[in-house]
Structure formats: structure tokens, C-alpha cells
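Single-letter residue listing:
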Amino acid sequence: MPERAPPPDDLAGLSLAEIARLVEEKRLPPVETWNPKHCGHSAMRIARDGTWFHEGSPIGRAAMVRLFSTVLRREPDGSHVLVTPAEKLTIDVEDAAFVAVEMRTEGEKSERRIAFRLNTGDLVEADEGHGLRFEQREDGPHPYLHVRAGLEALIARPVYYEMAEIALDEGLEPPGLWSNGAFLALTAP
């Protein structure tokens, strides 16, 4: 696989056109086509806050986390695995595989486009295939963004509040935002 420069650390200096180009350039390994035998547990977990751990210690190198995230897959039973053509290892995920830590938006109402930066540096544009879902819990709503093939990103609270503020300003009913032609309701169905 050819080496690529990692995406920028923030979205502030990028237009949505530049973000769309970066999203399009991202080529992930075809993990959905790999079906090796299960080899055990990876001794890894992804904490609720998005921190990746190996044998109880945080993985400090962002490049390693990015690399592992490219071979992460969600199984039909809801479990998560790290998969290569030769092996498949279970990884524990406390909440979601990713965290959406930043949002960039351009346009208004039905002409809006929204992009998110994940804790792994990946970029995701919200659209029909990358929508939102909500879980209501004791501490309030927990919004999730579909990333790929069943993998989701928990939307960080500050990002969710930013989305809610824009939605309230636009006054749509139900409260929500448009992105790339898809309506993203900010409430549970």
C-alpha cells in the first residue's frame, strides 16, 4: 500500500472541497473480504474516550493507532476484530470504535455539508451513508456517526453541542441538520 501523509490535525484551515478530496483519497484495506481463522485476543481495547490500549498501557504513537484503525472490522455479532489476510484477533471496544472530535460545516439548511475529524485523524463527511443515531441514557443522549461497515464514532459532547446550536438557529422541525442532501435529525426516532 502506498504511503500517504496523515490528514491534518484540525479542519479549521480546510474547505469542504479539500476535505472531500482527502476523504476520497483515503483507501482502506479490503478487510471485509478477508476471512482468516480467529487467532485469539489482541490484548487491545478501545476505551470509551477513544484511547487505544495494548496490554493495559495506552498506545502513545498516533501513527500506530491510525494503522490499527485501518484493519478494524465489526463482525455480524457486534464484536470488533483486527483482521489481516492471515489472522483475526478480537479487540474490546467499550463504546464506539472512534470519537468524532471536530466538525466543519459549510452552507446553510439543505445546502449544508458537514465533515467530521475522528480521534484517529480520519475524515468522514455526513451523508446518506454516514448518518446519525442516538442512544438515550441516564446522562442524556449519546449521538453516533456511522463511519463504515457498522463501525461508529461517538460524537464528542462539544461537537454535539455545536451541531445542536446550529440546528436551533435554523429552526427546523424536528431539530436537525442537512449534509450532502441527507437530513440528520438530532433526536432519537
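The structure under discussion appears in the preceding block.
What comes next concerns the included structure.

Rules used throughout
- Residues numbered from 1 in each chain as written.
- Predicted model: local features only at pLDDT ≥ 70, side-chain atom pairs only at ≥ 80, totals over all residues.
- Heavy atoms only, no water.
- Pairing = 2+ DSSP bridges.
- Helix = DSSP H or I, 4+ residues; strand = E, 2+ residues; numbered from the N terminus.
- Polar contact = N/O pair within 3.5 Å; in protein donor to acceptor, adjacent residues only side chain to side chain.
- Contact = heavy atoms within 4.5 Å.
- Axes fitted to C-alpha atoms, helices over the stretch in contact; angles between N-to-C directions.
- Expected span 1.5 Å × (residues − 1).
- Buried < 20%, exposed > 50% of the residue type's maximum accessible area, 1.4 Å probe, protein only.
- Arc of directions from axis to C-beta.
- Salt bridge = Lys/Arg side-chain N within 4 Å of Asp/Glu carboxyl O.

1. Side note on the pairing of strand β1 (residues 38-46)
At step 1: As defined by bridge partners, β1 adjoins strand β6 (residues 88-93) across five bridges and the pair is classed as parallel. Counterpart to H41 in the pairing with β6 is T90.
At step 2: With three bridges joining them, β1 and strand β2 (residues 52-54) adopt antiparallel strand pairing. When the sheet's bridge partners are listed, R45 is paired in β2 with F53.

2. Re the side chain of S69
At step 1: Looking at the secondary structure, you find S69 in helix α2 (residues 62-70).
At step 2: Engagement of the side chain of S69 in a polar contact is seen with the backbone oxygen of R66, the distance being 2.7 Å.
At step 3: Leave out the neighbours within four places in its chain, and S69 touches W52, F98, T120, D122 and R148.

3. Notes on the sheet that holds strand β12 (residues 151-155)
At step 1: Strand order in the open sheet formed by six strands is β9-β8-β7-β12-β11-β10, and the pairing between neighbours is mixed. The strands lining the two open edges of the sheet, one partner per strand, are β9 (123-125) and β10 (132-137). Averaged over all adjacent pairs, the angle separating strand axes in this sheet is 40°, with direction ignored.
At step 2: When strand β8 (residues 113-118) meets β9, the two strands line up antiparallel, connected through three bridges. Each residue of the ladder has a partner; that of F116, found in β9, is V124.
At step 3: Against the sheet, helix α3 (residues 157-170) engages β7 (98-106), β8, β10, β11 (140-148) and β12, with an angle of about 30° to β7.

4. Some points on the sheet that holds strand β4 (residues 72-74)
At step 1: The six strands are arranged β3-β2-β1-β6-β5-β4 in an open sheet whose pairing can be described as mixed. Here the strands that pair on one side only, and so sit at the sheet edges, are β3 (57-58) and β4.

5. Concerning α3
At step 1: Over its 14 residues, α3 extends 20 Å from the first C-alpha to the last, a length consistent with the 20 Å expected when each residue adds 1.5 Å.
At step 2: If you check which residues of α3 are buried, you get V159, Y160, M163, A164, I166, A167 and E170. The arc that holds the buried residues of α3, viewed along the axis, is 165°, so those residues lie on one side. With respect to the buried face of α3, the exposed residues turned more than 90 degrees away are P158, Y161, E165, L168 and D169.
At step 3: Considering only its buried residues, α3 is in contact with β7, β8, β10, β11, β12 and β13 (176-179).
At step 4: At the exit of α3 stands G171, carrying a positive phi of roughly 65°.

6. Regarding the pattern of salt bridges
At step 1: Applying the stated criterion to the full structure yields twelve salt bridges.
At step 2: Of the charged contacts, one joins R137 and E135 as a salt bridge, the two residues approaching to 2.8 Å between their closest N and O atoms.
At step 3: Overall, the relative accessible area of 26% leaves R137 in the partly exposed class.
At step 4: The network of salt bridges with shared partners includes R48, D95, R133, E135, R137 and E152.

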